[in-house]
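What follows is each chain in one-letter form.
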Amino acid sequence: DILNADPCPAPDIQMLHTGAAPPWAGAGGHYALPAILEQVQAHKTTLIFHNTRAQAELFFHALWLQNSNNLPIGIHHGSLSREQRERVEAAMVTGQLRAIVCTGSLDLGIDWGDVDLVIQVGAPKNVKRLVQRIGRANHRYNAPSKALLVPANRFEVVECIAALEAVQANALDGAHRAPGPLDVLCQHLLATAAAGPFEADALYAEIQTAGPYATLSRADFDACLD
């Protein structure tokens, strides 16, 4: 049986209005620093996502230089040492940071209850990635997630608008995969063979007990086995 929960509130996502127009080139989004700092000041905790670690480092440095109010801010990405990342995470949990410049290292797996705003600097390049990042803000089933998009340059304005429209339409990118992908089956067969001998008939029957492979034909199974 499939149980469908009540739909959660639609995300509150829009473009960030800045005093300056985006440049024609560049990926840093530094033109929007004053407007981003205003948003950080107006919220409890803000995650400022970037698509690459280098962009995050450069933006963090520029943000720090313009942080005239000495707001506590941090940076988090996969190239930092584990100790550095854990210090930032601990400071977030205790509410000591007002903003964290980050990358995909904060996309998943961590539930920050006090994050009330997500800012995506640069076109997200992937609607699923944007939806995942938006979900870091107000991570509660009964509260809308709040996010702002900041195109890094004028060409990315079109990409950001397209991403906004896709989120509002609940349209995620990528074609829907058919049940029981054979590449996954091949990986499972390889891992099974590496673990020890097996009987093909018994393994085929076992695999068919998994929902996605209930209609797996013996011909497809044999082809993957070969």
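Reading the values: rules and limits
- Residues numbered from 1 in each chain as written.
- Predicted model: local features only at pLDDT ≥ 70, side-chain atom pairs only at ≥ 80, totals over all residues.
- Heavy atoms only, no water.
- Helix = DSSP H or I, 4+ residues; strand = E, 2+ residues; numbered from the N terminus.
- Rg over C-alpha atoms; globule rule 2.2 N^0.38 Å.
- Buried < 20%, exposed > 50% of the residue type's maximum accessible area, 1.4 Å probe, protein only.
- Contact = heavy atoms within 4.5 Å.
- Axes fitted to C-alpha atoms, helices over the stretch in contact; angles between N-to-C directions.
- Parallel < 35°, antiparallel > 145°, perpendicular 65-115°, else oblique.
- Left-handed = near helix turned anticlockwise from the far one by under 90°.
- Nonpolar A, V, L, I, M, F, W, Y, C, P; charged D, E, K, R; others polar.
- Arc of directions from axis to C-beta.
- Polar contact = N/O pair within 3.5 Å; in protein donor to acceptor, adjacent residues only side chain to side chain.
- Salt bridge = Lys/Arg side-chain N within 4 Å of Asp/Glu carboxyl O.

A count of helices and strands for the chain gives eight helices and six strands. Listing every helix and strand of the chain by position from the N terminus yields β-α-β-α-β-α-β-β-α-β-α-α-α-α. Over its C-alpha atoms the chain spans a radius of gyration of 22 Å, topping by over 25% the 17 Å that the globule rule assigns to 226 residues. C-alpha atoms of the chain, sized along the principal axes, occupy 70 × 40 × 40 Å. Looking at the chain residue by residue over its 226 residues, the buried ones come to 38%.

In this fold, Gly74 is placed in strand S3 (residues 73-76). Accessibility expressed as a relative area gives 7% for Gly74, which makes it buried. Placed 116 residues apart in sequence, Gly74 and Leu190 show a C-alpha to C-alpha distance of 44 Å. Other than its neighbours up to four places away in sequence, Gly74 contacts Phe60, Leu97, Ala99, Ile100 and Val101.

Put simply, helix H4 (residues 127-134) and helix H5 (residues 155-168) touch, their axes get as near as 10 Å, and they point 70° apart. With respect to H5, the axis of H4 lies roughly perpendicular. The hand of the H4/H5 crossing is right-handed. Facing Val127, Leu130, Val131 and Ile134 of H4, the residues of H5 in contact are Ala163, Ala166 and Val167. Counted by class, the contact of H4 with H5 contains seven nonpolar, no polar and no charged residues.

Topologically, His76 is positioned in strand S3. Beyond its immediate sequence surroundings of up to four residues, His76 is in contact with Arg85, Val88, Glu89, Ile100, Val101, Cys102, Thr103, Ser105 and Leu106.

Moving on: H4. Those residues of H4 lying buried are Val127, Leu130, Arg133 and Ile134. Projected onto a plane normal to the axis of H4, the buried residues spread over an arc of 125° and lie on a single side. On its buried face, H4 is in contact with strand S1 (12-15), strand S2 (46-49), strand S5 (117-121), strand S6 (146-150) and H5. For H4, the N-terminal cap is Asn126; the gap from its side-chain oxygen to the backbone nitrogen of Lys128 is 2.8 Å.

Moving on to the pattern of salt bridges. Within this structure, the stated rule accounts for five salt bridges. Across the pair Lys125 and Glu156 runs a salt bridge whose closest N-O atoms are separated by 3.6 Å. Pair noted here: Lys125 is in the loop between S5 and H4 and Glu156 is in helix H5, with a separation of 31 residues, a long-range link. Overall, the relative accessible area of 51% leaves Lys125 in the exposed class. Taking the shortest distance from any N to any O, the salt bridge between Asp201 and Arg218 comes out at 2.9 Å. A residue pair is termed long-range when its members are at least 10 positions apart, and Asp201 in helix H7 (residues 200-207) and Arg218 in helix H8 (residues 218-225) qualify at 17 residues. Taking the relative accessible area as the measure of exposure, Asp201 reaches 52% and is therefore exposed.

Looking at the element boundaries, Ala166 is found in helix H5. On the basis of relative accessibility, which here comes to 16%, the residue Ala166 falls in the buried class. Residues within four places of Ala166 in sequence aside, it is in contact with Val127 and Ala171.

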